[in-house]
Every structure is written in C-alpha cells, then in structure tokens.
Amino acid sequence: MKKITNKIAIMMVFAGLLSGCTKFLDQTPNGVLSSDQVKEPERLLTATYAALGNDHYDVPFSLWPYGTVRSDDAYKGGSGPQDIQTFHFLEVSNNVTTNFAEVDKLWFQLYVAISRANTTIKTIQEMNNFDGKEGKLAEAKFLRGTSILCSKRFLNMYPTLMKMCQ
C-alpha cells in the first residue's frame, strides 16, 4: 500500500511540474530585440558601434595589458600587486593560468561585438534599397573586421563563422 501511495504522489508532483511551465516558457525575454523588431539601420549601426565602447578598465580593448605590460615596455601601476592582480601576473610572467576571468571577459565582449555586426549586416542585406545602404553595410563589415582583428591580436583566435554573411 505504501509503494502505491508513493508512486501516486510522485506522479502527481511530476504532473504538476510539467503543466506549470507553459506560461513561463512562452514569455518573450526582456531587453532582447529580434531582427524583425528592429529594421532601422541607423539604430543597428549605433548598437554595433556601441560594442567598441563597452570595454572596462579591467578588460580594455588595447594592447596595454596583453602586450605592452607583458613585454616590459610599460608598468602595470596601480596601488600594488593586488590592483587587477591578473595584469600583475601577466607583467611578472608568474602564476599565469588559463582561467583568468579578464581574458574570458575580453573573449565574450569581442564575440558580442562580432555578433552585433553580423546581425546588422544580415538585416541591412535583407532590407530594400534605401539611401546610403552600401555605406552602412561597409561600416558594419568594417566593425566586424575590427573585432575579428582584435580577437586575433589579443587571443590568437577568433570566433568561427558557421554561416557567412556576404
């Protein structure tokens, strides 16, 4: 009798869990726009340019911490070794590990920048002719190339494009 009661209770719990998810799964996410919602090339291009300015002092888009400090052409500075400790380790070439968060954040920011540029390129290509279409397309491709070049220079790798935007 106890086994049957346990089985019924477990089945009721699963039935409740499975039926309670439909509203949650059908919601549209906040803060995310699809290419159908944004068809203005100026706004898409602005979002693509914004990726260039999204760097932070601990994840800059310059060669300063990744090249100049490592090659001994500059000093990290700061209040001591604990001030952005990862850059201190890069400067003294000691305790350098593959799991530094700053390098992972840089990879993520460059990936987002390339993704924004690809979305902009795809949307502009799908639109009918408008004034300055070729110029805006060229700007988006240049920004994508800039991000790919940065990821190649900083990390010696770049995100592979599975579906190429022409």
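Refer to the structure presented above.
Residues numbered from 1 in each chain as written. Predicted model: local features only at pLDDT ≥ 70, side-chain atom pairs only at ≥ 80, totals over all residues. Heavy atoms only, no water.

So, the nonpolar core
Next up, step 1: Ranked by size, the top nonpolar core spans 11 residues in total: V59, F61, Y66, I84, F87, L90, L106, L110, C150, F154 and L155.
Next up, step 2: Residue contributions to this core peak at three residues, all from helix α7 (residues 133–155).
Next up, step 3: With five residues, the next largest nonpolar core counts L45, I121, L137 and A140 among its residues. (Core = buried A, V, L, I, M, F, W, Y, C linked by side-chain atoms within 4.5 Å. Buried < 20%, exposed > 50% of the residue type's maximum accessible area, 1.4 Å probe, protein only. Helix = DSSP H or I, 4+ residues; strand = E, 2+ residues; numbered from the N terminus.)

Regarding a nonpolar patch on the surface
Next up, step 1: Judged by side-chain polarity, I4, I8, M11 and M12 come together as a nonpolar surface patch covering roughly 440 Å² of accessible area.
Next up, step 2: Within the fold, I4 resides in helix α1 (residues 2–19).
Next up, step 3: By relative accessible area, which is 51% here, I4 ends up exposed. (Patch = residues over 30% accessible without salt bridge, like charges linked within 9 Å, V, L, I, M, F, W, Y side chains within 5 Å. Areas by Shrake-Rupley, 256 points an atom, 1.4 Å probe, with all protein chains shown as cover. Salt bridge = Lys/Arg side-chain N within 4 Å of Asp/Glu carboxyl O.)

A look at the environment of F154
Next up, step 1: Relative to the helices and strands, F154 is located in helix α7.
Next up, step 2: Taking relative accessible area as the criterion, F154 reaches 11% and is therefore assigned buried.
Next up, step 3: Put simply, F154 and S62 are 92 residues apart on the chain and 8.7 Å apart in space, counted from C-alpha to C-alpha.
Next up, step 4: Apart from the residues lying within four places of it in its own chain, the contact partners of F154 are F61, S62, L63, Y66, L106 and L110. (Contact = heavy atoms within 4.5 Å.)

Here's the deal with helix α3 (residues 41–50)
Next up, step 1: For α3, the full list of buried residues reads P41, L44, L45 and T48. One side of α3 carries all its buried residues, which in axial view fall inside an arc of 95°. Residues R43 and T46 are exposed on α3 and point more than 90 degrees away from its buried face. (Arc of directions from axis to C-beta.)

Observations concerning the pattern of salt bridges
Should their charged atoms come close, side chains of opposite charge can pair.
Next up, step 1: Throughout the structure, instances matching the rule amount to two salt bridges.
Next up, step 2: Among the ionic pairs, R43 bridges to E40, the shortest N-O distance being 3.2 Å.
Next up, step 3: For R43, a relative accessible area of 58% puts it in the exposed group.
Next up, step 4: Between K136 and E42 there is a salt bridge; the shortest N-O distance is 2.3 Å. Highlighted residues: K136 in helix α7 and E42 in helix α3, separated in sequence by 94 residues.
Next up, step 5: On the basis of relative accessible area, E42 is assigned to the partly exposed category, the value being 45%.

Considerations on the packing of α3 against α7
Next up, step 1: One can describe the packing of α3 onto α7 by two numbers: an axis separation of 10 Å at closest approach and a directional angle of 20°. Here α3 lies roughly parallel to α7, going by the angle between them. Between α3 and α7 lies a crossing whose hand is left-handed. Every residue of α7 that contacts α3 at P41, E42, L45, T48 and Y49 is listed here: K136, E139, A140 and L143.
Next up, step 2: Its residues placed into classes, the contact of α3 with α7 shows five nonpolar, one polar and three charged. (Axes fitted to C-alpha atoms, helices over the stretch in contact; angles between N-to-C directions. Parallel < 35°, antiparallel > 145°, perpendicular 65-115°, else oblique. Left-handed = near helix turned anticlockwise from the far one by under 90°. Nonpolar A, V, L, I, M, F, W, Y, C, P; charged D, E, K, R; others polar.)

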